[in-house]
Amino acid sequence: MKTVSENRTFGGVQGVYTHASQACACDMTFGLFLPAQAEVGPVPLLWFLSGLTCTHENAMIKAGAQRWAAEAGIALVFPDTSPRGDGVANAAASDLGQGAGFYVNATQAPWAPHFRMWDYVSEELPRLLFNAFPLAEEAQGITGHSMGGHGALTIAMSFPGRFTSVSAFAPICNPMASEWGRPQFSAYLGEDQSTWAAHDASHLMRRRGFDGPMLIDQGTADPFLDKLRSETLAEAMTAARQGGTFRMQKGYDHSYFFVSTFMEDHVAFHAAAFGG
């Protein structure tokens, strides 16, 4: 692992690091904020998964999460959204290829050799983080925005007991029935839709739900509501009698202005789940 940068902020350190990824067969970059409390012992970790076209930088710079995480004594990790670099497949469309990994393990050409973001986020990066930094593995939360909200929800529901809490900002809720899902799943996973269900939050909610508190924020002025299919997840939560809060925020769109407005709420939600 190599240090790209480390900057003091809110009493802690915002770092950016690169490492050779076996899962993605390329170098990967992530951001990690460690609060001042990490200087004396392990701290809880909140994962933030970003959306389409983003890198590790977008939420790290725009979400304003470090201030609230510093107050709560929580670390933040900002993984990249896909593999990158020479030899990594890409597409002209911004919703496929580099920047659009969809947090799945691709099985189809030309994506399969590198696009293994499920393994990267759920297995490889956690091993690196808990080995290299003062983080409390038993106190993890996960959140994300848009495509990252989809990843946060599906990963949280697929690893019972790993995450204390889960939240999301404008998540892609039903990709099996959405323009943000069907084309990408076809490209990455093939036409057998039985392989898609493990990466659909609404399907997973009806099937197994989440064994902890959940918070979803969605803007009513979001221009992508038809692609996000928020109502499908809300209906699935009701059918599953899932404990949680689903908030429709009047007048808010899909941007980081929306995310940063409610970031304090989300960090406080996870901090409460950690017992802090």
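This write-up is about the structure you can find in this document. These numbers come from a predicted model, not from an experiment.

**Focus: the overall build of the protein chain**
Logical step 1: Looking only at helices and strands, the protein chain features nine helices and nine strands.
Logical step 2: The C-alpha atoms of the protein chain give a radius of gyration of 17 Å, which matches the 19 Å a tight globule of 276 residues would have.
Logical step 3: Counting only residues that meet the buried cut, the protein chain has 58% of its 276 residues in that class.
Logical step 4: When contacts within the protein chain are restricted to residue pairs at least 6 apart in sequence, long-range pairs at least 24 apart make up 72% of them.
Logical step 5: Carbon and sulfur atoms form 50% of the exposed surface of the protein chain, whose accessible area is close to 10900 Å².
Logical step 6: Averaged over its 17 positive side-chain charges, the protein chain has a centre that lies 3 Å from the centre of its 26 negative ones.

**Let's talk about the nonpolar core**
Logical step 1: One finds Phe30, Leu129 and Tyr188 to be the most contacted residues of the largest nonpolar core, which totals 91 residues.
Logical step 2: No other element matches helix H3 (residues 117–132), which puts eight residues into this core.
Logical step 3: What Leu129 contacts, discounting residues up to four positions off in sequence, is Phe30, Leu32, Leu45, Trp47, Val77 and Leu135.

**What to know about the pattern of salt bridges**
Logical step 1: Following the criterion strictly, the structure yields five salt bridges and no others.
Logical step 2: Between Glu39 and Arg8 there is a salt bridge, and its shortest N-O distance comes to 3.2 Å. With Glu39 in the loop between strand E3 (26–34) and strand E4 (43–49) and Arg8 in strand E1 (residues 2–9), this pair connects stretches of sequence that are 31 residues apart. Neither Glu39 nor Arg8 differs from the other in exposure class; each is exposed.
Logical step 3: Across the pair Arg84 and Asp80 runs a salt bridge whose closest N-O atoms are separated by 2.7 Å.
Logical step 4: Residue classification places Asp80 among the buried positions, given a relative accessible area of 5%.
Logical step 5: Overlapping salt bridges bring together Asp217, Arg247 and Asp265 as one network.

**Here we look at the sheet that holds strand E7 (residues 165–169)**
Logical step 1: Taken together, nine strands build an open sheet; the order of strands is E1-E2-E3-E5-E4-E6-E7-E8-E9 and the sheet is mixed. If you trace the sheet from one side to the other, it starts and ends with E1 and strand E9 (245–249), each paired once. Averaged over neighbouring strand pairs, the angle between their axes works out to 20° when direction is ignored.
Logical step 2: Relative to strand E6 (residues 135–144), E4 runs parallel, the two sharing six bridges. Residue pairing for E6: Trp47 is matched across the bridge by Ile142.
Logical step 3: Packing against the sheet, helix H2 (residues 65–72) makes contact with strand E2 (12–21), E3 and strand E5 (75–79), and its axis sits at approximately 145° to E5.
Logical step 4: Running at roughly 150° to E9, helix H8 (residues 230–240) makes contact with strand E8 (214–219) and E9 of the sheet.

**What to know about the packing of aromatic side chains**
Two numbers describe a pair of aromatic rings. These are the distance of the centres and the angle of the planes.
Logical step 1: Summed over all chains, the structure comprises 15 aromatic pairs.
Logical step 2: Arranged with centres 5.3 Å apart and planes meeting at 85°, the rings of Trp111 and Phe115 form a pair that is edge-to-face.
Logical step 3: Trp111 sits in the buried class, given a relative accessible area of 6%.
Logical step 4: Between Phe185 and Trp196 the ring centres are 5.8 Å apart and the planes differ by 70°, which places this aromatic pair in the edge-to-face class. Of this pair, Phe185 sits in helix H5 (residues 182–189) while Trp196 sits in the loop between H5 and helix H6 (201–207), and the two are eleven residues apart along the sequence. Neither residue differs from the other here; Phe185 and Trp196 are each classed as buried.
Logical step 5: Grouped by ring-pair contacts, the aromatic residues Phe48, Phe78, Phe169, Tyr252, Phe258 and Phe262 constitute a single cluster.
Logical step 6: Over the face of the ring belonging to Phe159 we find Arg162, whose NZ or CZ atom lies 4.2 Å from the ring centre.

Conventions adopted
- Residues numbered from 1 in each chain as written.
- Predicted model: local features only at pLDDT ≥ 70, side-chain atom pairs only at ≥ 80, totals over all residues.
- Heavy atoms only, no water.
- Helix = DSSP H or I, 4+ residues; strand = E, 2+ residues; numbered from the N terminus.
- Rg over C-alpha atoms; globule rule 2.2 N^0.38 Å.
- Buried < 20%, exposed > 50% of the residue type's maximum accessible area, 1.4 Å probe, protein only.
- Contact = heavy atoms within 4.5 Å.
- Areas by Shrake-Rupley, 256 points an atom, 1.4 Å probe, with all protein chains shown as cover.
- Lys, Arg positive; Asp, Glu negative; His and termini not counted.
- Charge placed at Lys NZ, Arg CZ, Asp CG, Glu CD.
- Core = buried A, V, L, I, M, F, W, Y, C linked by side-chain atoms within 4.5 Å.
- Salt bridge = Lys/Arg side-chain N within 4 Å of Asp/Glu carboxyl O.
- Pairing = 2+ DSSP bridges.
- Axes fitted to C-alpha atoms, helices over the stretch in contact; angles between N-to-C directions.
- Phe/Tyr/Trp six-rings, centres within 6.5 Å; stacked < 30°, edge-to-face > 60°.
- Lys NZ or Arg CZ within 6 Å of the ring centre and 35° of its normal.

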